[in-house]
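Structural overview
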Amino acid sequence: MRFYLHQSTIPNSFSPSKLNIGVVGIGRMGQHHALNILYHVPRARLLAVCSRHPTSLSAPKSTSSQKLESLIKTAEKHKETKLMVGFVRRFENYGDARSKIQAGLIGTPLIIRSQGTEKLDKTGFFINYARVSGGIFLDTVIHDIDLTLSFFGDSSVPKSCYATGLIAHHHEMAEFNDVDNAVGVVEFWGGKTAYYYHSRTTMHGYDNCTEIVGSEGKIGINLVPVVNEVTVSGKGGIVQEAYPSWIYVVLFETTGDRV
């Protein structure tokens, strides 16, 4: 196991006013979590990070089913270890939506429309990541699939599925059989349907939203993805800023430290 200790996190005596946090796993998301704690959480101290044997992972855990099964078996041997996938959208607004569904506010949930779109990045960073990401459905749509099970019920069983996609900007993705815009439809037993749209090429910024249509109403989450409630009115109309990227949400929305 590789183990790193940040020098600035070793005071003569640990202050009780700060929470000591260790980050397990320093992949793409792990690095952002560590930097978030280090620079944007005043009452937290990044004590250490390590690069193996994680117990909480960002989704997806792995692009290999064999590695995933091995990870589960390893965790089962250590009953004191809690293993979970960081499906972060099950919390906050989405958790509230689930509570309202379970309370029967929209009757029986029937159709879910969920999308996740990222701002176009032509710097080269995204393509290098996409080559090892496992593809757009495994990398990003997996969050919407998890939300579907959360809203429809974890016991929901797919009946059929269909997916298609295209490459609008990142033509290098043809080299590894991926796309930068994709649509998927899943029909479930019991008369329920989920529709997914994901894109790596939006112009306005990070745009994730979900609608759950029920037999007696509808719930919408983040249908207008604005940074805050500030509007600017002028010759160009009334303008609100969109989220610049998903990293903005990770670094600032989770801590309340807006820029």
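Going along each chain's sequence as written, the residues are numbered from 1 onward. Given that this is a predicted model, residues contribute local features only at a pLDDT of at least 70 and side-chain atom pairs are listed and counted only at 80 or more, while totals for whole chains, interfaces and linings are drawn from all residues. Excluding hydrogens and water, the side-chain values take into account all heavy atoms of the structure.

You'll find the protein entered in an unreviewed UniProt entry as GFO/IDH/MocA-like oxidoreductase domain-containing protein, with Aspergillus granulosus given as the organism. UniProt positions are given in the numbering used here, feature names are shortened, and annotations may be inferred rather than shown by experiment. In its Sequence similarities (unreviewed entry) section, the UniProt record describing the protein reads: "Belongs to the Gfo/Idh/MocA family."

1. A short note on the overall build of the protein
The secondary structure listing takes helices from DSSP runs of H or I that are at least 4 residues long and strands from runs of E that are at least 2 residues long, numbered from the N terminus. Helix and strand counts for the protein come out as 6 helices and 13 strands. For each residue, the accessible area found with a 1.4 Å probe, counting protein chains only, is set against the maximum for its type, and the residue is called buried under 20%, exposed over 50%, and partly exposed in between. Scored against the burial criterion, the 259 residues of the protein give a buried share of 36%. In the protein, the proportion of contacts linking residues at least 24 apart, taken out of those at least 6 apart, comes to 70%. Any pair of residues with heavy atoms lying within 4.5 Å of one another is described as a contacting pair.

2. As for the side chain of Ser-133
When you line up the elements, Ser-133 lands in the loop between helix 4 (125-130) and helix 5 (136-152). Any N or O atom pair separated by 3.5 Å or less is treated as a polar contact, with the protein-specific requirement of one donor-capable and one acceptor-capable atom, and with residues adjacent in sequence counted only for side-chain atom pairs. A distance of 3.0 Å separates a polar side-chain atom of Ser-133 from the backbone oxygen of Ala-130. Of the polar contacts made by the side chain of Ser-133, one reaches the backbone nitrogen of Gly-135; its length is 3.3 Å.

3. A closer look at the nonpolar core
Ile-101, Ile-112, Phe-151, Ile-212, Ile-219 and Ile-221 are the most contacted members of the largest nonpolar core, which has 16 residues in total. Elements that contribute at least two residues to this core include exactly helix 3 (92-102), helix 5, strand 8 (181-188), strand 9 (192-202) and strand 11 (217-221). Per element, the largest residue contribution to this core is 4 residues, and it comes from helix 5. When neighbours within four sequence positions are excluded, Ile-221 is seen to be in contact with Asn-93, Tyr-94, Ala-97, Phe-151, Asn-208, Cys-209, Thr-210 and Ile-212. What is meant by a nonpolar core is a set of buried Ala, Val, Leu, Ile, Met, Phe, Trp, Tyr and Cys residues, joined one to another through side-chain atoms within 4.5 Å.

4. Things to note about helix 5
What a helix should span is 1.5 Å times the count of its residues minus one. The end-to-end C-alpha separation of helix 5 is 23 Å, in line with the 24 Å expected for 17 residues at 1.5 Å each. When the local axis directions of helix 5 are compared, the greatest deviation, roughly 50°, occurs at Ile-142. Of all 17 residues in helix 5, 13 are buried, a share of seventy percent or more. Residue Gly-153 follows helix 5 closely and has a positive phi angle near 115°. Throughout, bend refers to the angle between the axes fitted to the seven residues that end at a position and the seven residues that start at it.

5. Side note on the sheet that holds strand 9
Strand order in the open sheet formed by 6 strands is 7-8-9-6-10-11, with mixed pairing between adjacent strands. If you trace the sheet from one side to the other, it starts and ends with strand 7 (158-166) and strand 11, each paired once. Taking the axes of each pair of neighbouring strands and ignoring which way they run, one obtains an average angle of 10° across the sheet. Sheet topology note: the strand 8/strand 9 ladder contains 8 bridges and is antiparallel. Criterion used throughout: strands pair if DSSP finds at least two bridges between them. Here an angle of 0 to 180 degrees is reported between the N-to-C directions of two axes, which are lines fitted to C-alpha atoms, with helices fitted over the stretch in contact.

6. With respect to the confidence of the model for the protein
pLDDT is a residue-level measure of predictor confidence that goes from 0 to 100. Here the protein shows a mean pLDDT of 83. Residues at 70 or above account for 83%. Within the protein, the element-level pLDDT minimum falls on strand 1 (residues 3-4), averaging 52, and the maximum on strand 8, averaging 98.

7. What to know about the packing of helix 3 against helix 5
Where helix 3 meets helix 5, the closest approach of the two axes is 9 Å, and the angle between their N-to-C directions is 30°. Looking at the two axes, helix 3 sits roughly parallel to helix 5. Contacts from Tyr-94, Ala-97, Arg-98 and Ile-101 in helix 3 reach Leu-147, Ser-150 and Phe-151 in helix 5. Counted by class, the contact of helix 3 with helix 5 contains 5 nonpolar, 1 polar and 1 charged residues. Here the angle decides the label: under 35 degrees means roughly parallel, over 145 means roughly antiparallel, 65 to 115 means roughly perpendicular, and every other value means oblique. Gly counts as polar in this scheme, as do all residues outside two lists: the nonpolar Ala, Val, Leu, Ile, Met, Phe, Trp, Tyr, Cys and Pro, and the charged Asp, Glu, Lys and Arg.

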